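# A structural walkthrough
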Amino acid sequence: MAAADSPSAALRRRDLCSRGIRLAGKMRSDVVDLLDIYVERQGLDASAGVAAVEGVPVAAAERWDEQTGTQRLLENLAAYRAFRSLLAQMLEEQREQLGDADAALGQALAAVLLQVSAFAYHLEELLRLESRGPPSEEGAGPPPPPNLGLFERKLRGLGVLRELAQWAVRSMRDLRQLAKPGLGSSSAPSLTESP
Amino acid sequence: PRNLKCVMHNLRKMVCTWDAFSKGRHGQTDFCYTTNDLPSPVCFKTKEKRVEIPVPESSTMVTITTNSISGTALATKEFEIHNKDISFVPLTPRILSLTPDFSTSTLNLKWSDNGSVFPNGLDAFWQIQILRKEVMEKVTQVTYYSKLTHEDIILSWNWTSDMPLECTSHYVKIRSYINVTQFVGPKDWSDWSPVEEVPGKDTEPSGSGVFPQDTVVAVGSDVTICCVHEEGQQIKRMTYGPEIYPMIPLSSRSSAIRVLNASASDTSGTNVVCILSEDEMDGTVLFVGYAPDVPQNLSCETSNFLIIKCTWKPGRPSGLYGKRRTKYSLFERISGKNVSCEVNEMNRERVCGFPVLAGQKTYDFILGVSNPIGQTESSLLVDLTERVHPKTPEKLTVSGNSSTSIRLHWFINGSFAEIRLLCQIEISSGHSEQKLHNVSVPGGKFSTYTAQLNTLHPYTKYQFRVRCSAADHFWRWSDWSRIEEHTTLE
């Protein structure tokens, strides 16, 4: 954060962080539930290995503990913006492939998409607190979906949801870091905690 | 010279060949032939042991003299060739094209029948052989029949493979037999043509994948699904849904599984997974469903003479959804108008709207139904004036300041100017029996209708409601309107 935290800003940030942590926690449990439905409805093997999916941000961060608060927020925001587009693609494909036949999966997907959008907005709020504001979205979205066969798309969806579940865990940790008193978002945290 | 053999490839010329045993090199050969209708022998020199000469009426005398390099005669032999000794063997057929249609796994073969060298009307038989795999294993052989027309006709033949053409290379060759009726000698099949090939994906350097890709088949089908992988990889196993299936090797880079009597798949299809070495995975999705059922109880009516609403029962669900779902369209034969129907596959009853056409009373509907597996249809001829099911009467009001009569007013949403309406008024009051009063009124366009009721009891509380139908050709009552209460004056 550019200027030293005023008490009200610090209070506001801690409030946003704690609400963000709750949002991420809820999102994670919903994503885990969605994963179960998804694996079952798509006839996949729950233990199926899925190679890294192009356009899906990876939750694992090198030197996580050295990141500044701003870096954490920016990486989180980029990830959830990407997940928002990826989930929207999945929802569109699901409607095209199944129509109204699998409302449960469609609704679960839509619910998680809503939470991801809300969480992205929440991160933007946190970045606005730093008076630097969130980066614009132009041209930042993931690449258009590659021309994949249906089975590959099913696996890709699995990869997206698994990675999203990982990100929800990471976001909770990042926000706990940010919520620590005395730590402005631009300063690196103490080395007491790492994922 | 010996072993003179003559073969006809058409009815005019024959090709004669012979053997000649000679030490060291020898010069040209003198070839003479004569027939009854030739004034004198025809002679010529040839380096080959093969000549093409006219086909004789009955027989031909041939004299063959081999010479040394310096031209001195070495050996002379005479042969008499009778028609019955000449065999007839058509020329090897020429494949013009072999075209694959990967979406339907169909090969289209085109070849010329070379009919111009034969008289009109001869029967021709073509044996076509399909081979497959790296080892060019014979898959099938069929005989195709045609009639020659003294012209060169391009013949065409389709063959649908029981496995995707991408799985492995397919080969085709052809030979012919022509039933030359007026020919007395032995007749035989031509040589096989050179093979034509449709290369499989397993021949492309980086070709890989599971085939067919995301296809739809009918319940009960036998399906072959293959996994093509890159050089050096191995297939550990192939699964169809939850089951591991035995693999059929097709080539060093392709193996298949054979699913018999496939059962209906789940909504998202049945996954076919090819697990390769280093746990790499490739796969496809198979959608197994039913062709559409003939729509049952097709019925069409109008509630407002603006839209005709057709409903039907879909019959057995197809088990196909989304973009593979069963689609409906309503075609009206008289006007030629076609409407595609937006149908929610999850609800049992199907509905489709068709616009009422100005000046058209009779409608000859065909409800077309199709999905990737098949199509069917149902038809219905209706006279619209006999299929009127008005909307619920609205805005029922009562007026009148008399003790024994009142006037009822109600509105019906719709354009009924072409018919008369029969409306039924239900009259209830606390202490007398419910009465029904029928009234016939000329239909109107989005009109309010009125009816007078007399012989009511003074100072009595009544409940009125109304419903309507077509007067001349009753089809269905509308729903009852809301109840309207009124107390007559004292």
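Residues numbered from 1 in each chain as written. Chains lettered and ligands numbered in written order. Predicted model: local features only at pLDDT ≥ 70, side-chain atom pairs only at ≥ 80, totals over all residues. Heavy atoms only, no water.

### A few points about the nonpolar core
Counting 55 residues, the largest nonpolar core has A:Tyr80, A:Phe83, A:Leu87, A:Val116 and A:Leu164 as the members making the most contacts within it. Of all the secondary structure elements, the ones that give two or more residues to this core are helix 1 (7–41), helix 2 (69–98), helix 3 (103–129) and helix 4 (150–179) of chain A together with strand 23 (270–276) and strand 24 (281–289) of chain B. Here the element with the most residues in this core is helix 4 of chain A; it accounts for 14 residues. Those residues in contact with A:Leu164 that lie beyond four places of it in its chain are A:Val31, A:Tyr80, A:Phe83, A:Leu87, A:Val112 and A:Val116. Core analysis: the next-biggest nonpolar cluster, separate from the first, contains 45 residues, B:Trp312, B:Cys352, B:Ile425 and B:Leu453 among them. (Core = buried A, V, L, I, M, F, W, Y, C linked by side-chain atoms within 4.5 Å. Buried < 20%, exposed > 50% of the residue type's maximum accessible area, 1.4 Å probe, protein only. Helix = DSSP H or I, 4+ residues; strand = E, 2+ residues; numbered from the N terminus. Contact = heavy atoms within 4.5 Å.)

### Quick look at empty space enclosed by the protein
Over the atoms a probe the size of a water molecule is rolled, and this reveals where empty space is left. Residues and elements named next belong to chain A. If you walk through the whole model with that rule in mind, you get 2 cavities of 30 Å³ or more. Approximately 240 Å³ is the volume found for the largest cavity. Around the largest cavity, the lining is made up of 19 residues, and of these Tyr38, Gln42, Glu93, Gln97 and Lys154 lie nearest the centre. Ranked by residues supplied to the lining of the largest cavity, first place goes to helix 2 with 7 residues. Here the lining of the largest cavity is composed, by residue class, of 8 nonpolar, 6 polar and 5 charged. (1 Å grid on protein atoms, 1.4 Å probe; cavity = no way out; pocket = protein on both sides within 12 Å on 5 of 7 lines; lining within 4 Å. Points joined across faces, edges and corners; volume = space filled by probe spheres on them. Nonpolar A, V, L, I, M, F, W, Y, C, P; charged D, E, K, R; others polar.)

### Structural notes on the confidence of the model for chain B
When the pLDDT values of chain B are averaged, the result is 93; 99% of them are 70 or greater. If you check the scores for this complex, the pTM reads 0.84 and the ipTM reads 0.84. (pLDDT = per-residue confidence, 0-100.)

### Quick look at the sheet that holds strand 11 (residues 123–132) of chain B
Residue and element names in this part refer to chain B. Strand order in this open sheet of 4 strands is 12-11-14-15, and the pairing throughout is antiparallel. Strand pairing shows two members of the sheet lacking a second neighbour, strand 12 (137–147) and strand 15 (196–198), which therefore form its edges. On average, adjacent strands in this sheet sit at an angle of 25 degrees to one another, irrespective of strand direction. Inspection of the sheet shows strand 14 (residues 170–179) paired to strand 15 by 3 bridges, in the antiparallel sense. Each bridged residue has a counterpart across the sheet, and for Val172 the counterpart in strand 15 is Glu196. (Pairing = 2+ DSSP bridges. Axes fitted to C-alpha atoms, helices over the stretch in contact; angles between N-to-C directions.)

### Quick look at the interface of chain A and chain B
Facing the 20 residues of chain A at the interface are 20 residues of chain B. Summing both partners gives a buried area of about 1500 Å² for chain A against chain B, and 53% of it is carried by carbon and sulfur. The largest share of the area that chain A buries against chain B comes from A:Asp100, A:Leu150 and A:Phe151, three residues that together contribute 35% of it. Linking chain A with chain B are 1 salt bridge, by the criterion used here. (Buried area = accessible area lost by both parts, 1.4 Å probe. Salt bridge = Lys/Arg side-chain N within 4 Å of Asp/Glu carboxyl O.)

### Things to note about the side chain of B:Thr168
Residues and elements named next belong to chain B. Of note, Thr168 is situated in the loop between strand 13 (154–160) and strand 14. For Thr168, a relative accessible area of 1% puts it in the buried group. Within the structure, Thr168 has its side chain in polar contact with the side chain of Asp202 (distance 3.1 Å). (Polar contact = N/O pair within 3.5 Å; in protein donor to acceptor, adjacent residues only side chain to side chain.)

### Considering the packing of helix 1 of chain A against helix 4 of chain A
Residue and element names in this part refer to chain A. With their axes 9 Å apart at the nearest point, helix 1 and helix 4 run at an angle of 160 degrees to one another. The angle between helix 1 and helix 4 falls in the class roughly antiparallel. The element helix 1 and its partner helix 4 pack so that their crossing is left-handed. Of the residues contributing to the contact of helix 1 with helix 4, the split by class is 18 nonpolar, 4 polar and 7 charged. (Parallel < 35°, antiparallel > 145°, perpendicular 65-115°, else oblique. Left-handed = near helix turned anticlockwise from the far one by under 90°.)

### Looking at the packing of aromatic side chains
All names here are of chain B. On inspection of all chains with the given rule, the structure shows 20 aromatic pairs over all chains. Ring centres of Tyr177 and Trp189 lie 5.5 Å apart, and the angle between their planes is 50 degrees; this geometry places the pair in the tilted category. Residue Tyr177 is found in strand 14, and its partner Trp189 is found in the loop between strand 14 and strand 15; the two are separated by 12 residues along the sequence. With a centroid separation of 6.0 Å and an interplanar angle of 85 degrees, the aromatic rings of Phe305 and Phe416 are classed as edge-to-face. Note that Phe305 is positioned in the loop between strand 25 (296–302) and strand 26 (307–313) and Phe416 in the loop between strand 33 (406–411) and strand 34 (420–429), a separation of 111 residues in sequence. (Phe/Tyr/Trp six-rings, centres within 6.5 Å; stacked < 30°, edge-to-face > 60°.)

### Some words on the packing of helix 3 of chain A against helix 4 of chain A
Residue and element names in this part refer to chain A. At a minimum axis separation of 13 Å, helix 3 and helix 4 run at an interaxial angle of 30 degrees. Considering the angle they form, helix 3 stands roughly parallel to helix 4. Crossing hand, helix 3 versus helix 4: left-handed. Counted together, Val112, Val116, Phe119 and Leu126 of helix 3 and Leu164, Ser171 and Leu175 of helix 4 form the full contact between these two elements. Taken together, the residues of the contact of helix 3 with helix 4 sort by class into 6 nonpolar, 1 polar and no charged.

### A short note on the state of the cysteines
All names here are of chain B. Under the definition given, this model contains 7 disulfides over all chains. Paired by a disulfide, Cys32 and Cys43 hold their sulfur atoms 2.0 Å apart. A torsion of 120 degrees about the S-S bond marks the disulfide between Cys32 and Cys43 as right-handed. Of the two residues, Cys32 is situated in strand 3 (residues 29–34) and Cys43 in strand 4 (residues 42–46); the sequence distance between them amounts to 11 residues. A sulfur-sulfur distance of 2.0 Å marks the disulfide that ties Cys167 to Cys226. Taking the torsion about the sulfur-sulfur bond, which here is approximately -90 degrees, the covalent link between Cys167 and Cys226 counts as left-handed. (Disulfide = S-S within 2.5 Å.)

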